[in-house]
Amino acid sequence: MKADRSSVAQQASAPLEVVSLVSLGQHPVSGRLRRAEQDARALELCLALERQSAPGAVSLSAWHASGSEIAPGSEQDQALRGYLGMGLESLTLVTPNAPGADPLKTVDSSLKAVDSLKAADQPVIDVWPLLVTRLKQAAPQLVVCGGQGETGEGSGLLPHLLAESLGWPLVEGIVAIESCDGAHLTALQALPRGQRRRLRVKLPALVSVDSAASAARQSAFAQARRGELSTLASGELVHDAQAETFGVAPARKRPKRLKRIKATSARDRFKAAAAKAEGGGGKRLEGVSAEEGAAEILKLLREEGVLR
């Protein structure tokens, strides 16, 4: 009985292991590499959790999965140091045990526009198996990441693949982490029309952050220079055979979307949640033919600028 009580007390005194997954972002105008917006917001939530907890109660680390080592002073190195400037002492680069022939060239080429559609002629590295292996080894209680990447495929499937492989619950659209007692996590989830929902999740768990979360702090240049990028080999090199068949081409201009209200402040969220649908500008059609209905829909699309 004494041994059981001591083990329980030891588990209660152990710090909460939190991992923030970060990736390389891309500026939408210049195309230069930077810290990803959603990943920076996820790291900001982790830093806020560490700040509001007791000293030593939370052990925070940031990981970036890469197919090969990143050279000091490179564009990738400069972009990742943007996370170090948020207050981190170090950032871990999760790499394969035997890195291939500079797979980062494939990532860089995908960031640049090409003149014609062509398939990738270099091997594409799948990094999520490296994260699965490392997470199984480290066994953290909480993993936080952005909902979607800004480079690569940007499919938003990484949280789902990790949660399925680890057998952990996945909660999407988190905007705030209120508390975490080591066994359960209490967080706010973003809902449509600016509403929020409080969730209580059993740990270990994986959460992805919504773009409505608090903006990340500005990166401090001196702290970014002092921080350390450490490399940790984890798992074998895995090629994404399906992604190697993808073609890369300049993005085409898409049709204009219909108006969408995006609430940012608490006042805007309240107005969006309490607002009623306005029927002054619409038209209700009953008992009309298919041709008349199609004509009205076509007229609306032209008025909204979707069709020209």
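So, here's what we can say about the structure. (Residues numbered from 1 in each chain as written. Predicted model: local features only at pLDDT ≥ 70, side-chain atom pairs only at ≥ 80, totals over all residues. Heavy atoms only, no water.)

1. Observations regarding the overall build of the protein
Our working rule: Labels follow the DSSP assignment, with helices taken as runs of H or I lasting at least four residues and strands as runs of E lasting at least two, numbered in each case from the N terminus. Relative accessibility decides the category of a residue: with a 1.4 Å probe and only protein chains considered, values under 20% of the type maximum give buried, values over 50% give exposed, and everything between is partly exposed. Throughout, a residue-residue contact means that at least one pair of heavy atoms, one from each residue, lies within 4.5 Å. Using a 1.4 Å probe, accessible areas were evaluated by the Shrake-Rupley method; residue-level cover was limited to the displayed protein chains.
Along its length, the protein carries nine helices and 13 strands. The 308 residues of the protein split such that 35% are buried. Summarising the internal contacts of the protein: among those between residues at least 6 apart in sequence, 76% fall at separations of at least 24. Summed over all atoms, the accessible surface of the protein reaches about 18,900 Å², with 52% contributed by carbon and sulfur.

2. Some thoughts on the nonpolar core
The following threshold applies: Think of a nonpolar core as a cluster: buried Ala, Val, Leu, Ile, Met, Phe, Trp, Tyr and Cys residues, connected wherever their side-chain atoms sit within 4.5 Å.
In this structure, V18, Y83, L91, L142 and V144 are the most contacted members of the largest nonpolar core, which totals 42 residues. Considering every element that reaches this core, the biggest residue donor is helix α2 (residues 37-52), with seven residues. Those residues in contact with V18 that lie beyond four places of it in its chain are C46, L49, V58, S59, L60, S61, L142 and V144. Judged by nonpolar contacts, the second largest core, of 15 residues, contains V19, A65, L135 and L206.

3. What to know about the state of the cysteines
Inclusion rule: Disulfides are defined as pairs of cysteine sulfur atoms found within 2.5 Å of each other.
Applying the stated criterion to the full structure yields zero disulfides. In this structure C46 is not part of a disulfide, and its nearest cysteine sulfur, from C145, lies 9.7 Å away. When its relative accessible area of 2% is taken as the criterion, C46 is described as buried.

4. So, the pattern of salt bridges
Selection rule: We count a salt bridge whenever a side-chain nitrogen from Lys or Arg sits within 4 Å of a carboxyl oxygen from Asp or Glu.
Within this structure, the stated rule accounts for six salt bridges. With its nearest N and O atoms 3.5 Å apart, the salt bridge here joins E150 to R34. Of this pair, E150 sits in the loop between β7 (142-146) and α6 (158-166) while R34 sits in strand β3 (residues 33-35), placing them 116 residues apart in sequence. E150 sits in the partly exposed class, given a relative accessible area of 26%.

5. Looking at the sheet that holds strand β11 (residues 205-209)
Inclusion rule: Only strands joined by at least two bridges in the DSSP assignment are considered to pair. To get an axis, a line is fitted to the C-alpha atoms, and for a helix only the part in contact is used. The angle between two axes follows their N-to-C directions and goes from 0 to 180 degrees.
The strand order across the open sheet formed by nine strands is β10-β9-β8-β11-β7-β1-β4-β5-β12, and the pairing between neighbours is mixed. Each edge of the open sheet carries a strand with a single partner, namely β10 (196-202) and β12 (228-233). Each adjacent strand pair in this sheet contributes to an overall mean axis angle of 40°, direction not counted. As paired strands, strand β8 (residues 170-180) and strand β9 (residues 184-190) are joined by five bridges and run antiparallel to one another. Bridging from a neighbouring strand, A176 pairs with L188 of β9.

All we've got here are geometric facts, nothing functional implied.
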